Amino acid sequence: MFLGVDIGSSSSKAVLINPLGEIVGQKAIQMGTGTVGAKSVEQALLEETGVKRSDVLFAVVTGYGRMTYPGCDLQITEISCHAAGVCFSLPGTRTIVDIGGQDAKVIRVDQAGRVVNFGMNEKCAAGTGRFLEVMARVLGCRIGELSALAGKSQNTVKISSVCTVFAESEVISQLAAGAKIEDVAKGAHNSVATRVAGMCNRIGVEEAVAMTGGVALNQDMVKSMAAALSVPICVPESPQTIGALGAAHFAREKYGRL
């Protein structure tokens, strides 16, 4: 077996593939860098699949916390691993929009899946899952309820602040003025989409476009992103584990060269 582990800022993911490149199992838990997340997700995946650690021929770790995890044979950047994971899941993809807990990435790849350009927002919570978490808290709902809530919007409220702290204050004022929570939720999605679309335009958008990361599980957020880019967006079956899948394929490739 070949193992890929992706240690993000707020979650850890792991994927096992067999020598044919087929997925044997995949797992994600909400514990990221600086926690026992990486070890926990690896152990949970092995237990669920019945695979012994000794059966893993090669393991690759990627993500924000990759340099802190000694349990793998090689570290590879998340840019390369996301590109590889998407190209295996959705062949023909040329642009990847990855929105995670505390960063957002735009990656453009060529026909062979090689990275030709990329950009990353990792210094500001705006345009990331963290922004949506703050908005959900202000609206009094769980992060998983934002999509359905925003889908009910009839009169979207625009959130003009680009800073998460200021946007929080702005939303509180809008709610106090009588704005409906579903309209504010839709405004939050549009705010993230607009910010990430700006990065996409700087990198260059080429179809087909795919969206990955935990935020891609939010269907209304995907709709807002597609509207902001004026292109259809595909989402892989398990968008949160794409980086780990790419890492697993790199593990298979690297072992084959030994």
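These numbers come from a predicted model, not from an experiment.

Participant: What is the right way to read the layout of surface pockets from this model?
Facilitator: Any empty space left between atoms is shown by rolling a water-sized probe over those atoms. When its volume is computed, the largest pocket comes out at roughly 660 Å³. Elements supplying a minimum of two residues to the lining of the largest pocket: β1 (2–7), α2 (78–89) and α3 (129–139). Both domains that furnish three or more residues to the lining of the largest pocket are identified here as domain 1 (1–90 + 237–258) and domain 2 (92–235). In this structure, the second largest pocket is lined by 19 residues; those nearest its centre are Ile159, Asn190, Ser191, Val192 and Thr194.

Participant: Where do I start with the pattern of salt bridges in this structure?
Facilitator: It is possible for side chains of opposite charge to pair when their charged atoms get near one another. Applying the stated rule across the entire model yields 11 salt bridges. The partner of Arg142 in a salt bridge is Glu145, and the shortest N-O contact between them spans 3.1 Å. On the basis of relative accessibility, which here comes to 60%, the residue Arg142 falls in the exposed class. Classification of Glu145 as partly exposed rests on a relative accessible area of 34%. Because the salt bridges share partners, they merge into one network encompassing Asp98, Asp103 and Lys105.

Participant: Quick question: what am I supposed to make of the packing of aromatic side chains here?
Facilitator: How two aromatic rings sit relative to each other is set out by the distance from centre to centre and by the angle between their planes. The tally for this structure, following the rule as stated, stands at 1 aromatic pair. Here the aromatic rings of Phe2 and Tyr255 are separated by 5.6 Å at their centres, their planes lie at 55 degrees, and the arrangement is tilted. With Phe2 in strand β1 and Tyr255 in helix α8 (residues 242–256), this pair connects stretches of sequence that are 253 residues apart. Assessed through its relative accessible area of 4%, Phe2 is described here as buried. Looking at Tyr255, the relative accessible area reads 34%, which means it is partly exposed.

Participant: When you look at the domain arrangement of the protein chain in this model, what are you seeing that I'm missing?
Facilitator: Often, the extent of an interface is quoted as the loss of accessible area on bringing the components together. Per the domain assignment, the segments of the protein chain are domain 1 (1–90 + 237–258) and domain 2 (92–235). Once you take the C-alpha centre of each, domain 1 and domain 2 turn out to be 25 Å apart. Each partner contributes residues to the interface: domain 1 has 14 residues there, and domain 2 has 22 residues. Both faces combined, the contact of domain 1 with domain 2 buries some 1,500 Å², and carbon together with sulfur accounts for 72% of it. At the junction of domain 1 with domain 2, the criterion picks out 0 salt bridges. Counting residues per element, the side of domain 1 that touches domain 2 draws most heavily on α2, at 7 residues. For the side of domain 1 that touches domain 2, the per-class residue count stands at 7 nonpolar, 5 polar and 2 charged.

Cut-offs used in this document
Residues numbered from 1 in each chain as written. Predicted model: local features only at pLDDT ≥ 70, side-chain atom pairs only at ≥ 80, totals over all residues. Heavy atoms only, no water. 1 Å grid on protein atoms, 1.4 Å probe; cavity = no way out; pocket = protein on both sides within 12 Å on 5 of 7 lines; lining within 4 Å. Points joined across faces, edges and corners; volume = space filled by probe spheres on them. Helix = DSSP H or I, 4+ residues; strand = E, 2+ residues; numbered from the N terminus. Domains from an automatic or database assignment. Salt bridge = Lys/Arg side-chain N within 4 Å of Asp/Glu carboxyl O. Buried < 20%, exposed > 50% of the residue type's maximum accessible area, 1.4 Å probe, protein only. Phe/Tyr/Trp six-rings, centres within 6.5 Å; stacked < 30°, edge-to-face > 60°. Contact = heavy atoms within 4.5 Å. Buried area = accessible area lost by both parts, 1.4 Å probe. Nonpolar A, V, L, I, M, F, W, Y, C, P; charged D, E, K, R; others polar.

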